[in-house]
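# Understanding the architecture of this molecule
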Amino acid sequence: MAGASRQAKRLLLGAHVREIVRHGKQLALVGADGSVLVVQLGMTGSFGVVPASAPCEPHTHIIWTLDRLRELRFVDPRRFGGVTWLKDRHALMARWSHLGPDALALPSGWSAPIAASRRAIKAALLDQRAVAGVGNIYADEALSMVGLAPERPCSRLTARQFEALGQAIGAVMRSALASGGSTIRTYRRMGGGAGTFQASLRVYGRAGQPCVTCARPLESALVAGRTTVWCRSCQS
Ligand SMILES: [Zn+2]
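Here the structure is a predicted model, which is why all the values come from computation and not from measurement. (Residues numbered from 1 in each chain as written. Predicted model: local features only at pLDDT ≥ 70, side-chain atom pairs only at ≥ 80, totals over all residues. Heavy atoms only, no water.)

## Quick look at the environment of Val-223
Rules: The way it works is that DSSP assigns letters per residue, a run of H or I at least four long becomes a helix, a run of E at least two long becomes a strand, and they are numbered from the N terminus. Residue contacts are counted whenever heavy atoms from the two residues lie within 4.5 Å of one another.
Topologically, Val-223 is positioned in strand 8 (residues 219-223). Sequence-wise, Val-223 and Ala-120 are 103 residues apart; in three dimensions their C-alpha atoms are separated by 8.0 Å. Once residues lying within four places of it in the same chain are set aside, the contact partners of Val-223 are Ala-120, Lys-122, Pro-150, Glu-151 and Thr-228.

Right, dumping it as structure tokens:
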């Protein structure tokens with residue numbers, strides 16, 4: 001049963017969680033023995049504590065029993081996410097060293113590594129090595145807030161525009177968090193409640209509908225391989 005016990009250890013079974021840390025889209029549970037369970041949610045995944053009596057959703061891959069009343073569950077319908085065990089915090093830092101600064105609090109000068117790039121700004125925002133944590137919805141919303149076209153090359157943004165964009169990213173992410181995230185298609189919050197952020201979206205999911213600023217119909221195209229919506233009048 002050595003294999004089974006090793007697997008149990010790697011899921012922190014029987015362990016005490018000493019700390020929970022997050023960077024970008026990755027969450028890490030640090031056990032009392034220093035080992036780390038990294039949880040990555042795909043677009044439709046969820047991870048959280050629910051009453052043990054709650055019905056088990058389809059695609060629940062892992063259930064940790066916390067006590068008689070509560071369970072921690074990892075649900076991942078489309079299997080874009082996953083859990084990874086690391087032996088210690090050094091391994092975690094090595095893994096996260098490939099990620100850019102966290103989107104919730106971008107430091108000034110965050111754009112230095114991408115400022116000279118000819119890549120579309122939207123592609124750079126979705127690249128987790130440049131900024132960690134910006135998803136497709138939030139990239140479109142932040143670009144709309146500061147009037148930048150998603151296809152504009154990074155090298156054609158001024159330092160001031162990058163600064164404004166960094167602040168818009170933080171603002172849109174905090175606002176989404178405060179309203180429980182965006183319930184788009186199959187995503188739901190753990191426990192079943194819907195997020196309400198989608199009600200305040202300026203552009204995402206609104207292709208063909210009027211721009212909230214100028215009323216012109218919003219454009220839609222693939223940028224960086226992702227559906228992208230923006231206003232040709234307000235964003236350049
Ligand atoms: Zn407009």
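## Considerations on unusual backbone geometry
Residue Leu-12 is not a glycine yet carries a positive backbone phi of 60°. Position of Leu-12 among the secondary structure elements: in the loop between helix 1 (2-10) and strand 1 (17-23). Within the chain, Ala-215 stands out as a residue other than glycine whose phi angle is a positive 75°. Here Ala-215 is to be found in the loop between helix 5 (159-178) and strand 8.

## As for empty space enclosed by the protein
Under the convention used in this document: Points on a 1 Å grid over protein atoms alone make up a cavity when a 1.4 Å probe fits among them but cannot get out, and a pocket when they form an open set with protein on both sides within 12 Å along at least five of seven lines; lining residues each have an atom within 4 Å of a point. Grid points are joined across faces, edges and corners, and a volume is the space filled by probe spheres set on the points. Only Asp, Glu, Lys and Arg are considered charged, only Ala, Val, Leu, Ile, Met, Phe, Trp, Tyr, Cys and Pro nonpolar, and every remaining residue, Gly among them, polar.
Evaluated as defined, the whole model comprises 1 cavity of 30 Å³ or more. In terms of lining, the largest cavity is formed by Ser-144, Arg-202, Val-203, Arg-206, Cys-211, Val-212, Thr-213, Leu-218, Cys-231, Cys-234 and Gln-235. Partitioning the lining of the largest cavity into residue classes produces 6 nonpolar, 3 polar and 2 charged.

## A short note on the domain arrangement of the chain
The line we're drawing: Reported domain spans reflect what an automatic or database domain assignment gives.
Each domain of the chain was delimited in the assignment, giving domain 1 (2-96) and domain 2 (103-230). For domain 1 and domain 2, the distance between their C-alpha centroids amounts to 28 Å.

## Looking at the side chain of Gln-26
Here is the rule: When accessible area is computed with a 1.4 Å probe and restricted to protein chains, residues below 20% of their type maximum are described as buried, those above 50% as exposed, and intermediate ones as partly exposed. Under the rule applied, a polar contact is a pair of N or O atoms within 3.5 Å (in protein, one hydrogen donor and one hydrogen acceptor; residues adjacent in sequence only if both atoms are side-chain atoms).
Mapped onto the secondary structure, Gln-26 falls in strand 2 (residues 26-31). According to the relative accessible area criterion, Gln-26 is buried, its value standing at 9%. Within polar-contact distance, the side chain of Gln-26 engages the side chain of Trp-96 at 2.9 Å. Each residue touching Gln-26, except ones within four places of it in the same chain, is listed here: Val-21, Val-38, Val-39, Gln-40, Arg-95, Trp-96 and Leu-99.

## Structural notes on the layout of surface pockets
Quantified by volume, the second largest pocket comes out at close to 240 Å³. Residue lining of the second largest pocket: Leu-11, Leu-12, Leu-13, Gly-14, Ala-15, Val-17, Leu-29, Leu-37, Trp-64, Thr-65, Leu-66 and Leu-72, and that is the complete set. When grouped by side-chain class, the residues that make up the lining of the second largest pocket number 10 nonpolar, 2 polar and no charged.

## What about helix 4 (residues 136-146)?
Extensive coverage of helix 4 is indicated by the burial of 9 of its 11 residues. By the burial criterion, the buried members of helix 4 are Asn-136, Ile-137, Tyr-138, Ala-139, Asp-140, Glu-141, Ala-142, Leu-143 and Ser-144. At its buried positions, helix 4 is contacted by helix 3 (121-126), helix 5 and strand 9 (226-230). Looking one or two places after helix 4, you find Gly-147, whose phi comes out positive at around 75°.

## Quick look at the coordination of the zinc ion
Defined as follows: Sites may look incomplete because water is not among the atoms; the donors themselves are N, O and S atoms within 2.8 Å of the metal, or within 3.2 Å for Na, K and Ca. Every geometry call rests on angle ranges, with four donors termed tetrahedral when all angles are between 85 and 135 degrees, four termed square planar and six termed octahedral when opposite donors are over 155 degrees apart and all others are between 65 and 115, and everything else termed irregular.
Bound to the zinc ion are the protein donor atoms Cys-211 (SG), Cys-214 (SG), Cys-231 (SG) and Cys-234 (SG), situated 2.2 to 2.4 Å from the metal. Angles of 99 to 113° at the metal separate the 4 donor atoms of the zinc ion, which places the site in the tetrahedral class. Counting residues between consecutive donors of the zinc ion along the chain gives the motif C-x2-C-x16-C-x2-C. Here the residue Cys-211 occupies a position in the loop between helix 5 and strand 8, and Cys-234 occupies one in the segment after strand 9, the gap between them amounting to 23 residues. Using a relative accessible area of 31% as the deciding quantity, one classes Cys-234 as partly exposed.

## Structural notes on the packing of aromatic side chains
Our working rule: In this analysis, rings of Phe, Tyr and Trp, with Trp reduced to its six-membered ring, are considered paired at centre separations within 6.5 Å, and the interplanar angle assigns stacked below 30 degrees, edge-to-face beyond 60, and tilted for intermediate values.
Scanning the entire structure with this criterion turns up 3 aromatic pairs. Between Phe-47 and Phe-74, the aromatic rings sit 6.5 Å apart at their centres with planes inclined by 65°, giving edge-to-face as the arrangement. Residue Phe-47 is found in strand 4 (residues 46-51), and its partner Phe-74 is found in strand 6 (residues 70-75); the two are separated by 27 residues along the sequence. Looking at Phe-47, the relative accessible area reads 16%, which means it is buried. Where Trp-110 meets Phe-162, the ring centres are 5.8 Å apart and the plane angle is 85°; that geometry is what we call edge-to-face. Placement of Trp-110 in the loop between helix 2 (89-96) and helix 3 and of Phe-162 in helix 5 is noted, with a sequence separation of 52 residues between them. For the pair Trp-110 and Phe-162, a shared accessibility class is recorded, and that class is buried.

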